[in-house]
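Inside the fold
Listed below are the residues making up each chain.
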Amino acid sequence: MRNVVPESERLGPSARSIRGRVAIVGVGETAYYKHGQAPEPEVKLALQAILAACADAGLDPRAIDGFASYSNDRNDPSRLAAALGIPELRFSNMQWGGGGGGGSAAVGNAAAAIAAGYADCVVVFRALAQGQFQRFGAAPPAATASGEAALTFPYGLISPAQRFAMRVMRFMRDHGIGPGAQRAIALASYHHAQNNPRAVMHGRPLTPDAYDQSRWIVEPFRLFDCCMENDGAAALILVSAERARDMRQRPAYLLGVAQGSEYRNAARGHNAPTYASSSFTTVAPHLYAMAGVMPKDVSVVQSYENFTGGVLMSLVEHDFFTADEANEFLTLDNLIAPSGRLPLNTSGGNLAECYMHGLELQIEAVRQLRGQSSNPVPGARVAMVISGPMVTPVSSMLIGTGDVL
Amino acid sequence: MNAPAYYLPAGLPRPVPEPDGLDAPYWEGTRAGELRIQRCRACRGWQWGPEWICHHCLAFDLEWTAVEPRGKIYSWERAHHPVHPALRGHAPYVVVLVELPHAGNVRMIGNLLGDPMQAVQIDAPVEAVFEAHDDATPPFTLVHWRATR
């Protein structure tokens, strides 16, 4: 068991912490599409999602004075601010790192800007229209590879699934974890998507047999262990806790955010010393310490599924169960709302709602605290989002209702 | 003349040294049938992948040392979905991550030669097989692995 600081020893009010200082007051998204099928250009999707989040918050979009995103989003805040007629741009932030690892960090960066006084109303957004641009799951059309890619591409180790499969293979072997663990994670996402009309896989349930018979992408990942690729955009509006109290929606207060990765995680050629990991072994203890909650206090978890094995390791590294308990814990019944032990990915997540690079997970966490989820967890007070396992940096966050503060 | 038999077909991205020269000695070594890894002259620590500074002692004093091309399988995967046009019709294939216990436990990536459906065991001993692509422009050599007993 790693060092999780109990509530009695958590950071005091004078310590450096985001806890209780900033809230998410608006969430919004476009319709979600299969990849390449968005009828609109990517930047228009971004603008639509931002306006949807403002409408949800009951906020004039001209009140936005900051932007935060991640994974090299192509939609530059200065362009968005000009397009939206924003009177004054005060904060523009990009979280370094690829994949979805920056989803929670972007929320944390936005919140930090508000707490520091750099800006008053920051939107966190992500937009993807992969028909317009290169797909993630296909090899880039290059004739040569250099640097890290030279060590992997010539051996057919190219796609994200191939990049991460060996981490999961080692973890499952070390801990005797069977295929049922990954299957339960996939089934939970599809189960929840059937109640969510926004979900791309709404109306397309997944059975255990269909999972077992699905083709291998790269062992140990079958087709349904892998996220979709989608088009769309999502956005969240953050303001100070003081301001949030007078707004339309029930505020979702930030309890803690942490980002980073272990010692030499990015050592090239798969030389991370802590290899069989989702990269959260050092990050998660910081998250719990700042938030002042324990794993048992978490009502519902949204955990980024690039691949189900990444979720498996993320949940272990956030101390919901040990690796040796994974086979027993990871069952469909335990992972579904309303009454599972740990309701997981209750919108359908990256597997079955939309691969909005994970930002749909932050939105779902907020909806759970408001009682607005399509798969509500009754009385949810603390929600976790885990962003982008196995990349570096990764990030995770905890939000809570006002009575948790 | 028949095309050379490679584990994976030609057409995948060809490895080229980085423009700043960081990993050029590695690729030159493979052409000579050597597995060269960075080692620090100051602290004798091993380092892989390549970097300009020693992560153990922060000396900018790294040399390239040829190591015995043997190791053990640290992890593996069997790829079935062809993510690159050159791989269509050539799946499955096996990628291994090989640990070198005699060189600071650094790890190397390659393909595991032999039946692509073979049972693969973590910790199984392997030895390197240098696969020269003399017909490529510029020529290069990949380092694969083969199970030993």
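This text gives an overview of the structure that appears in the document.

Reading guide: rules and limits
Residue positions are given per chain, counted from 1 along the sequence in the order it is written. As they are written, the chains are lettered A onward and the ligands numbered 1 onward, keeping that order. It should be noted that, the model being predicted, local features are given only for residues of pLDDT at least 70 and side-chain atom pairs only at 80 or more, the latter also being counted only at that level, while totals for whole chains, interfaces and linings use all residues. Runs of E in the DSSP output that reach at least two residues are strands. Runs of H or I that reach at least four are helices, and both are numbered from the N terminus. For the radius of gyration, the atoms used are the C-alpha atoms, and the globule rule reads 2.2 Å times the number of residues raised to 0.38. Comment: burial labels come from other C-beta atoms within 10 Å of the residue's own C-beta, placed from the backbone, where a count of 20 or more is buried, 12 or fewer is exposed, and between is partly exposed. The contact criterion used is a C-beta to C-beta distance within 7 Å, with each C-beta placed from the backbone. Nonpolar residues are Ala, Val, Leu, Ile, Met, Phe, Trp, Tyr, Cys and Pro. Charged residues are Asp, Glu, Lys and Arg, and all others, Gly as well, are polar. Two strands make a pair as long as DSSP finds a minimum of two bridges between them. Among buried residues, those of type Ala, Val, Leu, Ile, Met, Phe, Trp, Tyr and Cys that are joined through C-beta atoms within 7 Å form a set called a nonpolar core. Whenever a helix is involved, its axis is fitted only over the stretch in contact; in every case the axis is a line through C-alpha atoms, and angles between N-to-C directions fall within 0 to 180 degrees. Angular relationships are summarised with four words: roughly parallel below 35 degrees, roughly antiparallel beyond 145, roughly perpendicular across 65 to 115, and oblique for the angles in between.

The next point concerns the overall build of chain B. Check the secondary structure of chain B and you find one helix and nine strands. For chain B, the N- to C-terminal ordering of α and β elements is β-α-β-β-β-β-β-β-β-β. Here the C-alpha radius of gyration of chain B, 16 Å, is about what a compact globule of 149 residues would show, namely 15 Å. Relative to its full complement of 149 residues, chain B shows a buried share of 38%. Counting only contacts in chain B whose residues sit at least 6 apart along the sequence, the fraction spanning at least 24 positions is 51%.

Moving on to the environment of Pro154 of chain A. Inspection of the secondary structure assignment puts Pro154 of chain A in the loop between helix H4 (148-152) and helix H5 (160-175). For Pro154 of chain A, a count of 25 C-beta atoms within 10 Å gives the class buried. C-alpha separation for the pair Pro154 of chain A and Gly379 of chain A, spaced 225 residues apart in sequence, amounts to 52 Å. Among residues more than four places away in sequence, those in contact with Pro154 of chain A are Ala145 of chain A together with Leu12, Pro13, Arg14, Pro15 and Leu142 of chain B.

Let us look at the interface of chain A and chain B. Often, the extent of an interface is quoted as the loss of accessible area upon association of its parts. Contacts between chain A and chain B engage 38 residues on the former and 34 residues on the latter. Elements supplying a minimum of two residues to the side of chain A that touches chain B: strand S6 (144-145), H4, H5 and strand S7 (216-219) of chain A. Looking at the side of chain A that touches chain B element by element, the count peaks at six residues for H5 of chain A. For the side of chain A that touches chain B, a count of residues per class yields 20 nonpolar, eleven polar and seven charged. Where S7 of chain A lies against strand S5 (residues 70-79) of chain B, two bridges are found, and the strand directions are antiparallel. Paired with Glu219 of chain A across the bridge in S5 of chain B is Arg78 of chain B.

On to the sheet that holds strand S4 (residues 62-67) of chain B. All names here are of chain B. If you walk across this open sheet you meet the three strands as S3-S2-S4, and the pairing is antiparallel. What marks the edges here is a single partner per strand, and that holds for strand S3 (46-47) and S4. Where strand S2 (residues 35-40) lies against S4, six bridges are found, and the strand directions are antiparallel. Across the sheet, the residue bridging to Arg39 is Glu63, located in S4.

A word on the nonpolar core. Among the nonpolar cores identified, the biggest contains 177 residues, and Val122, Ile237, Leu238 and Ile399 of chain A are the most heavily contacted of them. If we ignore the near neighbours within four places in the chain, the residues touching Val122 of chain A are Gly66, Phe67, Ala68, Phe91, Ala110, Ala113, Ile114 and Leu238 of chain A.

Moving on to the packing of helix H6 (residues 179-193) of chain A against helix H10 (residues 308-317) of chain A. Packed helix pairs are specified by the crossing angle of their axes together with the interaxial distance, meaning the distance between the axes. All names here are of chain A. Running from N to C, H6 and H10 cross one another at 100 degrees; their axes reach a closest spacing of 9 Å. Classified by the angle their axes make, H6 and H10 are roughly perpendicular. Contacts between H6 and H10 involve Ala181, Gln182, Ile185 and Ala186 on the former and, on the latter, Thr308, Gly309, Val311 and Leu312. Residue composition of the contact of H6 with H10, by class: five nonpolar, three polar and no charged.

It is worth spelling out the pairing of strand S12 (residues 382-387) of chain A at this point. Residues and elements named next belong to chain A. With six of six residues buried, S12 lies mostly within the body of the structure. Residues Val382, Met384 and Ile386 line one face of S12 and the alternating positions Ala383, Val385 and Ser387 line the opposite face, and both faces are buried. As defined by bridge partners, strand S11 (residues 300-303) adjoins S12 across four bridges and the pair is classed as parallel. In the sheet register, Ser303 faces S12, and the bridge partner there is Ile386.

Turning our eyes to something else, we now look at the pairing of strand S9 (residues 140-147) of chain B. Residues and elements named next belong to chain B. Note that strand S8 (residues 125-133) and S9 share eight bridges and pair antiparallel. Opposite Glu131, over in S9, you have Leu142 as the bridge partner. Here S8 folds back onto S9 in antiparallel fashion, the turn holding six residues.

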